[in-house]
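# What the coordinates show
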Amino acid sequence: MQLEDMILISVDDHVVEPPSLGDFFRENLPAKFKDRAPKVIRRADGTDAWSIEGQEVATFGLNAVQGRPPENWGSDPSSFDQVRPGCYDVHERIRDMNVNGVLASINFPSWPGLGGQFFLKNDDHEFVAAATRTYNDWMLHEWCGQYPGRFIPIGISGFMLGADWMAAEIRRLAELGCHAVSCHPDAYRFGAPDYHGDEWDPAWRTAEETGSVMVFH
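Before going into details, it helps to say that this report is about the structure given with it.

The rules behind the values
Residues numbered from 1 in each chain as written. Predicted model: local features only at pLDDT ≥ 70, side-chain atom pairs only at ≥ 80, totals over all residues. Heavy atoms only, no water. Patch = residues over 30% accessible without salt bridge, like charges linked within 9 Å, V, L, I, M, F, W, Y side chains within 5 Å. Areas by Shrake-Rupley, 256 points an atom, 1.4 Å probe, with all protein chains shown as cover. Salt bridge = Lys/Arg side-chain N within 4 Å of Asp/Glu carboxyl O. Helix = DSSP H or I, 4+ residues; strand = E, 2+ residues; numbered from the N terminus. Buried < 20%, exposed > 50% of the residue type's maximum accessible area, 1.4 Å probe, protein only.

Taken together, the side chains of I9, V11, L103 and I152 present a nonpolar region at the surface, about 330 Å² in accessible area. Mapped onto the fold, I152 is located in strand β6 (residues 151-152).

So, in structure tokens, the structure goes:
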């Protein structure tokens, strides 16, 4: 592999969040939320799922079928045993990127949802806000931060918490060097205002002020 072969920038990748993210939640959430930290569970049927607030999110791997024979494409993995390590292990991801000539990659979230909507399991918005910030810190420091320059950092917007909260998170992320924020394209599906209204102006203004890009998958 020659350096000049590394010419591709992939802008539609995902990370399959590893079980170690659960440890990061427990270590970094405020003390009062530590016992509510999301975690991976192995269910009786041998499948894996993320457990958050007593609810299970089984689509943790989306369509992560890299490395599987074509006849198995279209069948979502049901456990980490069925997922290529490069999907959830950052070191293996870099090795795969090197083989494929990928210089840099932007990694969208998987189980939390494009804007973090799956953190919203109840009306405790303080917990949702803490979980969203913690996830963003993991993405910046634990995933992207291990290989500076090889990933384009992207945070999740937490749009469910409203425009003012989202604006504050955009600014916080920008101060940490992250200028891309993932938004779910259909906010109205989760009880938030449609993006065409002026309710979101505080977030858009902050994005403009900080040179941040709002990314709609």
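Read on, since the account is not over.
Further remarks concern the pattern of salt bridges. One pass over the structure, following the stated rule, counts 13 salt bridges. With its nearest N and O atoms 3.5 Å apart, the salt bridge here joins D81 to R42. Of this pair, D81 sits in the loop between β4 (55-57) and α2 (90-100) while R42 sits in strand β2 (residues 39-42), and the two are 39 residues apart along the sequence. On the accessibility criterion, R42 (47% relative accessible area) is partly exposed. Taking the shortest distance from any N to any O, the salt bridge between E92 and R95 comes out at 2.7 Å. Residue E92 and its partner R95 are both found in helix α2; the two are separated by 3 residues, about one turn of the helix. With a relative accessible area of 47%, R95 lands in the partly exposed category. Counted as one network, the salt bridges with shared partners bring together R36, E53 and D124.

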